[in-house]
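Fold and geometry: a report
Now for the letters of each chain:
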Amino acid sequence: MKPRTVVLLGAVAAGLFAFIWFWERHQISTSELSSRHERLLRRFVRARCDQVQIEVPGRPRIVLERERAEEDELGDWKLVEPVRAHADEDAVDTLLGAVEWADARRNVGLVDEAQLRRFGLHPPRLVARFRVGRETVELHLGGEEPRGAGVYARVGGEPEVRVVGSDLLESLDRDATALRSKELFGDFGAWGAERVRLVRSGGAQIALGRRDGTWWLEAPVRSVAATSTVEGMLRALDELRAARFVEERPQQPARYGLEPPALEVQLQGGEGNEGRRSASLRLGGPCEGHAEERYARRDEGPVVCVRASAVTALERDVEALRDRRLLVLADDEIERVEIERSGAPRIELRREGSGWKLRSGEAEPREADAEAVEAWFEALRRSTASAFVPATPSEPVTLTLKLHRVDERPALAVALVRRTDGWSARRGDEAEWMQLQPSERELFDALDWRFVPHRMLELRTDEARALRVTRGTVTERLERDGELWRLLEPVSVAAERVAVADALQTLSPLRAERVVAGTPRAEHGLQAPALEIAVEVRPPSEAASNASGQSAPSSGRTHVIRVGPLVEGRRFARVDEGPVFVAPSLLYERFAEPFVNRSLLATSSSALESVRIEQGHRVVELVRDAERWIARAGPAPDESATRRLVDTLASLRARTVRFERLALRAVSLRLRVRRTEEPREMVLLVGTTGAAGAPPDTVPAAREDLPLLFFIERADAQALALGSAR
């Protein structure tokens, strides 16, 4: 076969296929009709419907048409008559759904012309025509059925009259406004705008432009714009809906306050706005009869009323649109940061996977502390301008941040100047310097140390064998005894196990809030620390071998943590010979209190044999008699006071403890307790309320055998005195 013949036959086949496809596309298939035999409109196929006409006597005809692209089966509905506009897709969808599922509730049968008039079908109350494929399906609706079953209906070309539900009439008997799209920017997409201009009635203008993915104020001042605020304006435009249509082609816009408008928003769009490159919205005065609404007009379209609350996001001044944050990029937008400092090596932070690499000067890159980097970014983002002042181009820059983005957009440079009253910054080519809050003065201090690993110490708590804590002139020494801890100095008693465990937990790991220096300076206060912690660690296996008497080479070591005094709300610390860092508050809090067991008796009520209570000249002695307590000396207290006393003794715990070698200066209550456990006898001394330095609502107490001062709850002190007033 000749090549020319092959080409000719191929062209014929392609043309035939196209003809068949086009013809079939507009034909109703048998399968599409098979499920419609019980419906009112058996020839109505919703997916094939391309036009809807609704005629009601005395009202303008409504015509809706579906515009389909070649690959778009759904298409878009347009209102063609009585005005040309976009249709409300939801409203049209509801209308077509009502028609698709309509069925007859009753078949009246064949009727004559007189009956048609009586049923409101000659002439009909409403006529709806649907172009379905190449056919036209017509529906007539009439008056209401007397028994309230619905309305009379007649399908065009069929002789029978039927009764259908009133909801079908309600779906079709609507004015054009109900079927018209209420979206003012549905065909533009305000979100894609690249430029925004706000023009007020007095002539004041604000210009905004999107540059490299960042919104900038261009007039009346050049500055980084608050992206969230600008996007809120664009979102408000995209979501703006007409509450009502007022006038299609206004002859006197001034009567609505639209010429000149109170505010005009002008948009220039980017890609994807259906070929439209610009759009505008004018806002006028309050709508007549609807004070909560305002007149508005999109381009040369109709005058509408919109909710006043829906346009408040558009009424922004320069200060509301200016981004006052020092850092305007999100963490995931930053790929690399270069820090240039006068007289100091350049610092570079580079994202690598989920972490960061740090390079200072010409040194090899090393691991940076990812949490510290992210915390710094967050601190930069929280740092805001307290004021803006005109830029002086000749002013020497102290340091420059160059923020490289993860995509191909240009880097954002931030120049910073350190002045006596703090830092000033200038982002990109802004026209003004932003003065940062005085509290941000340390943002750029110790940059050589800020990003180094912040994990200062990491140990397994089960490897801690000994602990020494020095607070001022008092040193507390503890050793682990199996799973328990015992205090050896300055007094030999059991330690508060939970408190020791919590304290050690802060060291596993110990993480700096911020690293500030390589070696201590005077202002860190570490030459006379408020707290010094020495923790000896040994592997559990070695500790076990030493306990069994076997000699083994020691692989343990002792870590020393020094914590300075409180300086402007923080404490500096250092582990061994490591860098100086700002310590987490929990480190000091967990080690500030003595680790003495705060249970004054640590016994059960069943182990108590007798209690002698001496309060001035009043003496009461109670002894156990089987399950009862009786008075052996003094007046017998009531049973509830006795039970409260015994329960309090068994559960007595101090709120806090201090190492005090002096006895209580004023003893108001002495309790001599005998028990079945060792030591068989203990003497508790209770002081008076209002002791100097006592925590609120506590009373000082002591045991005669311990150089310690306990502070117990006032309610417990009252129970120990058998309820007498303290």
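Residues numbered from 1 in each chain as written. Predicted model: local features only at pLDDT ≥ 70, side-chain atom pairs only at ≥ 80, totals over all residues. Heavy atoms only, no water.

Regarding the overall build of the protein
From N to C terminus, the protein includes 15 helices and 46 strands. Taken against the 2.2 N^0.38 rule, which gives 27 Å for 726 residues, the C-alpha radius of gyration of the protein at 43 Å runs more than 25% over that of a compact globule. The C-alpha extent of the protein, read off along each of the three principal axes, is 120 × 80 × 75 Å. With 726 residues in all, the protein has 44% of them scored as buried. Long-range pairs, those at least 24 residues apart, make up 58% of the contacts in the protein with a sequence separation of at least 6. (Helix = DSSP H or I, 4+ residues; strand = E, 2+ residues; numbered from the N terminus. Rg over C-alpha atoms; globule rule 2.2 N^0.38 Å. Buried < 20%, exposed > 50% of the residue type's maximum accessible area, 1.4 Å probe, protein only. Contact = heavy atoms within 4.5 Å.)

A word on a negative patch on the surface
Residues Glu67, Asp76, Glu89 and Asp90 make up a contiguous surface patch of negative charge. Its location among the elements puts Asp90 in helix H3 (residues 89-100). (Patch = residues over 30% accessible without salt bridge, like charges linked within 9 Å, V, L, I, M, F, W, Y side chains within 5 Å. Areas by Shrake-Rupley, 256 points an atom, 1.4 Å probe, with all protein chains shown as cover. Salt bridge = Lys/Arg side-chain N within 4 Å of Asp/Glu carboxyl O. Lys, Arg positive; Asp, Glu negative; His and termini not counted. Charge placed at Lys NZ, Arg CZ, Asp CG, Glu CD.)

Some words on the packing of aromatic side chains
As enumerated under the stated definition, the model contains 10 aromatic pairs in all. Here Phe119 and Tyr152 contribute two aromatic rings whose centre-to-centre distance is 4.1 Å and whose plane-to-plane angle is 20 degrees, an arrangement assigned as stacked. Highlighted residues: Phe119 in the loop between helix H4 (113-118) and strand S6 (126-132) and Tyr152 in strand S8 (residues 151-155), separated in sequence by 33 residues. Accessibility classification places Phe119 together with Tyr152 in one group, the buried group. Aromatic rings pair up to connect Trp356, Trp376, Phe377, Trp423, Phe444 and Phe451 into one cluster. (Phe/Tyr/Trp six-rings, centres within 6.5 Å; stacked < 30°, edge-to-face > 60°.)

What about helix H11 (residues 497-505)?
Along an α-helix, residues three or four apart share an orientation, since each turn contains 3.6 residues. Along H11, the residues that are buried comprise Val500, Ala503 and Leu504. All buried residues of H11 lie within an arc of 95 degrees about the axis, which places them on one face of the element. On its buried side, H11 packs onto strand S29 (464-471), strand S30 (474-481), strand S31 (484-489), strand S35 (531-537) and helix H13 (585-592). (Arc of directions from axis to C-beta.)

Quick look at the environment of Pro159
Relative to the elements of secondary structure, Pro159 occurs in the loop between S8 and strand S9 (160-164). If we skip the residues at most four places from it in the chain, Pro159 touches Gly109, Leu110 and Arg154.

Thoughts on the side chain of His524
One can find His524 in the loop between strand S34 (514-517) and S35. For His524, a relative accessible area of 2% gives the class buried. A polar contact of 2.9 Å, which involves the side chain of His524, links it to the backbone nitrogen of Arg521. Those residues in contact with His524 that sit more than four places away from it in its chain are Val516, Ala517, Thr519, Gly564, Pro565, Phe572 and Val580. (Polar contact = N/O pair within 3.5 Å; in protein donor to acceptor, adjacent residues only side chain to side chain.)

Considering the sheet that holds strand S32 (residues 493-494)
Spatial strand order, S32-S31-S30-S29-S35-S36-S37-S38-S34: 9 strands in an open sheet with antiparallel pairing. Only two strands of the sheet have a single neighbouring strand rather than two, namely S32 and S34. Examined bridge by bridge, S29 and S35 share 6 bridges and lie antiparallel to one another. Opposite Val469, over in S35, you have Ile533 as the bridge partner. Packed onto the sheet, H11 meets S29, S30, S31 and S35 and runs at close to 95 degrees relative to S31. Lying over the sheet, H13 contacts S29, S35 and strand S36 (557-563), oriented at roughly 85 degrees with respect to S35. (Pairing = 2+ DSSP bridges. Axes fitted to C-alpha atoms, helices over the stretch in contact; angles between N-to-C directions.)

Read these as layout, nothing more, since geometry by itself doesn't imply function.
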